[in-house]
Amino acid sequence: MRQVDVVIIGAGAAGMMCAVEAGNRGRSVLLADHAAAPGEKIRISGGGRCNFTNLNASPQNFISRNPHFCISALRRYTQRDFIGLVDRHGIAWHEKTLGQLFCDGSAKQIIDMLLKEMNRAGVELRLGTTVDSLAKEGEGFELELSGERVRCSSLVVASGGKSIPKMGASGFGYDIARKFGLALTEIRPALVPLTFDENTLAPLKPLSGIAVDAVVSHEKTKFREAMLFTHRGLSGPSILQISSYWREGDVISVAMLPDVKVFDVLRAARARNGRQALQTALGELLPKRLAQLIAENSGIETHLADISDKQLLVVEKSVNEWQIKPAGSEGYRTAEVTLGGVDTDGLDQKTMESKTTRGLYFIGEVVDVTGWLGGYNFQWAWSSGWVAGQAV
Ligand code: FDA
């Protein structure tokens, strides 16, 4: 039977970071993944340029049943630490918007950087490898990895969440957590487009492809970013962000002209040119097809001169307080992350080790710490992977 210090399951962002750190501490590390290539989600992230962190990353950008859990790891390995690593590898990057950092070149540069670091740290990477069995044996663990029996003192679960099953995502990490008696919070697709039922969708279908800069709110949470009408519902960054807060049956509110006092602008237009049609006046503020639909839906397809103040207020509401009840989401097929996961109550926030099974660690997306859109999820993968790497 082979003996190594550390087995890590999952060669994604968190697993590779943990492997580098553990290897650099002189631990013998075996990093196993059932996929044919490491870091597949890194490769497709950020439209192929990997939004690898966010300049403004702080605990407020993460959702968890215990919002304090992520503080320690995010403080010990910060976005500046990761930027330092990227800089040491000479990878050029830029800030796109809202503190989001992307590679100038390709996401593959981040994967190559981690592979180089792993190589230097003496990490053994085993791809196309399945975990056939796994059990606690004495002080350590015994695994069967594609037929080979391996014993280790630390076992790190870095197998990610359930999003994009086509890329090998599985519920494997959650099964291991359950096996060792760890609680899970509710898991659901997040950072995902929202869909409408047929009745809601029918009048909106012609808007498919139109984007607006919007403020999208769910209760007290709001995001201001682009919103896109799709052939099934709504997408775009502001919708992906709010999807992490929305639940079936909830209403979201959308302001499509958040900086414009629509009532005042339409009233001024009415005073200037009463013969102008409402949809023409709105069309100066919004994409034409959207303006037309708002005019149609408010039942006021007439000249501004014939529209009362009360009716203008109705129009303003449908532009800046559009209340809409999505029917569902596009699900794990397109979700960028899985919300929820291994309940942080069962983990040590400084090391990510299970409080009840010594030597067992959970890092990255499998844990109930979910970042906003914008590089936060990778930062959590780096930070949680790094702290576990110091402890295994
Ligand atoms: P990750 O999913 O990266 O890795 C898990 C690994 O475990 C995989 O390699 C998988 O093959 C392996 N595995 C799973 N089950 C296994 C099993 N049973 N046996 C062996 N191996 C197993 N975030 C961000 O911050 N910026 C961004 O730009 C993007 N962009 C983005 C785009 C798209 C399309 C998606 C789907 C996601 C993003 N994300 C993102 C989210 C980000 O990719 C995600 O949060 C991290 O990759 C999570 O890192 P982990 O290492 O935890 O899991």
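By convention here, each chain's residues receive numbers from 1 onward along its written sequence. In view of the model being predicted, local features appear only for residues whose pLDDT reaches at least 70, and side-chain atom pairs are presented and counted only at 80 or more, with totals across whole chains, interfaces and linings using the full set of residues. Here the side-chain values reflect all heavy atoms present in the structure, with hydrogen atoms and water set aside.

Test applied: UniProt positions are given in the numbering used here, feature names are shortened, and annotations may be inferred rather than shown by experiment.
The chain goes by Aminoacetone oxidase family FAD-binding enzyme in an unreviewed UniProt entry, where it is assigned to Phyllobacterium endophyticum. Quoted verbatim from the Cofactor (unreviewed entry) field of UniProt, the annotation for the chain is "FAD".

A look at the site of the ligand
Selection criterion: Summary of the distance rule: residues count as near a molecule or strand when at least one heavy atom falls within 4 Å of that molecule or strand. The term polar contact refers here to a pair of N or O atoms within 3.5 Å; inside protein, the definition further demands a hydrogen-donor-capable atom paired with an acceptor-capable atom, and it admits residues adjacent in sequence only when both atoms are side-chain atoms. Per-residue accessibility takes into account occlusion by the displayed protein chains alone, with areas from the Shrake-Rupley method and a 1.4 Å probe. Runs of E in the DSSP output that reach at least two residues are strands. Runs of H or I that reach at least four are helices, and both are numbered from the N terminus.
Around the ligand lies a shell of 31 residues, among which Ala 14, Asp 33, Asn 51, Glu 365 and Phe 378 are the nearest. Interatomic distance of 3.4 Å between a backbone N/O atom of Asn 377 and an oxygen atom of the ligand. Contact with the protein chains hides 92% of the accessible area of the ligand, taken as 1,000 Å² for the molecule alone. At the level of elements, helix 1 (13–24), helix 2 (40–44) and helix 13 (376–391) are the ones that each hand at least two residues to the shell around the ligand.

A look at the environment of Arg 270
Short version of the rule: Note on definitions: a residue-residue contact is assigned when non-hydrogen atoms from the two residues lie within 4.5 Å.
In this structure, Arg 270 sits in helix 9 (residues 262–272). It is 40 Å that separates the C-alpha atoms of Arg 270 and Val 192, two residues lying 78 residues apart in sequence. Beyond its immediate chain neighbours, meaning those up to four positions away, Arg 270 contacts Leu 304, Ala 305, Ile 307, Ser 308, Asp 309 and Leu 312. Within the structure, Arg 270 has its side chain in polar contact with the side chain of Asp 309 (distance 2.7 Å).

Regarding the sheet that holds strand 13 (residues 211–218)
Keep this limit in mind: For two strands to pair, DSSP has to find at least two bridges joining them. Inter-axis angles, ranging from 0 to 180 degrees, are taken between N-to-C directions of lines fitted to C-alpha atoms, where helices are fitted over the stretch in contact.
The 7 strands lie next to each other as 17-16-13-14-15-12-18, forming an open sheet whose pairing is antiparallel. The two strands at the open ends of the sheet, each matched to only one other strand, are strand 17 (322–324) and strand 18 (328–329). Pairing geometry for strand 12 (residues 194–195) and strand 18, over 2 bridges, is antiparallel. Note on strand 18: the bridge partner recorded for Thr 195 is Gly 328. Strands in contact with helix 12 (residues 309–320) are strand 16 (252–255) and strand 17; relative to strand 16, the strand with the most contacts, it is inclined by about 110 degrees.

Focus on the packing of helix 4 (residues 79–88) against helix 5 (residues 108–120)
A pair of packed helices can be characterised by two numbers: the angle between their axes and the separation between those axes. This is how it is decided: Here the angle decides the label: under 35 degrees means roughly parallel, over 145 means roughly antiparallel, 65 to 115 means roughly perpendicular, and every other value means oblique.
Packing of helix 4 against helix 5 brings their axes to within 10 Å, and their N-to-C directions diverge by 85 degrees. Classified by the interaxial angle, the pair formed by helix 4 and helix 5 is roughly perpendicular. Every residue of helix 5 that contacts helix 4 at Phe 82, Leu 85 and Val 86 is listed here: Ile 110, Met 113 and Glu 117.

Considering the confidence of the model for the chain
Defined as follows: On a scale of 0 to 100, pLDDT captures the predictor's confidence in every residue.
Across the chain, the average pLDDT comes to 97, with 100% of residues at or above 70. When mean pLDDT is compared element by element in the chain, strand 20 (residues 360–362) scores highest at 99, while helix 11 (residues 288–297) scores lowest at 94.

Some thoughts on the packing of aromatic side chains
Rule in force here: Note on ring pairs: Phe, Tyr and Trp rings are taken, using the six-membered ring of Trp, and paired if centres are within 6.5 Å. Classes follow the plane angle, with under 30 degrees stacked, over 60 edge-to-face and the rest tilted. A 1.4 Å probe rolled over the protein chains alone gives each residue an accessible area, and that area as a share of the maximum for its type sets the label: buried under 20%, exposed over 50%, partly exposed in between.
A full pass over the atoms with the stated rule returns 11 aromatic pairs. Centre to centre, the rings of Phe 62 and Tyr 376 are 6.1 Å apart; their planes meet at 90 degrees, and the pair counts as edge-to-face. Here the residue Phe 62 occupies a position in strand 4 (residues 62–63), and Tyr 376 occupies one in helix 13, the gap between them amounting to 314 residues. For the pair Phe 62 and Tyr 376, a shared accessibility class is recorded, and that class is buried. Here the aromatic rings of Phe 141 and Phe 180 are separated by 6.0 Å at their centres, their planes lie at 75 degrees, and the arrangement is edge-to-face. Placement of the pair is Phe 141 in strand 9 (residues 140–145) and Phe 180 in the loop between helix 6 (172–179) and strand 11 (188–190), with a sequence separation of 39 residues. What links up through ring pairs into an aromatic cluster is the set Phe 62, Phe 223, Tyr 245, Trp 372 and Tyr 376.

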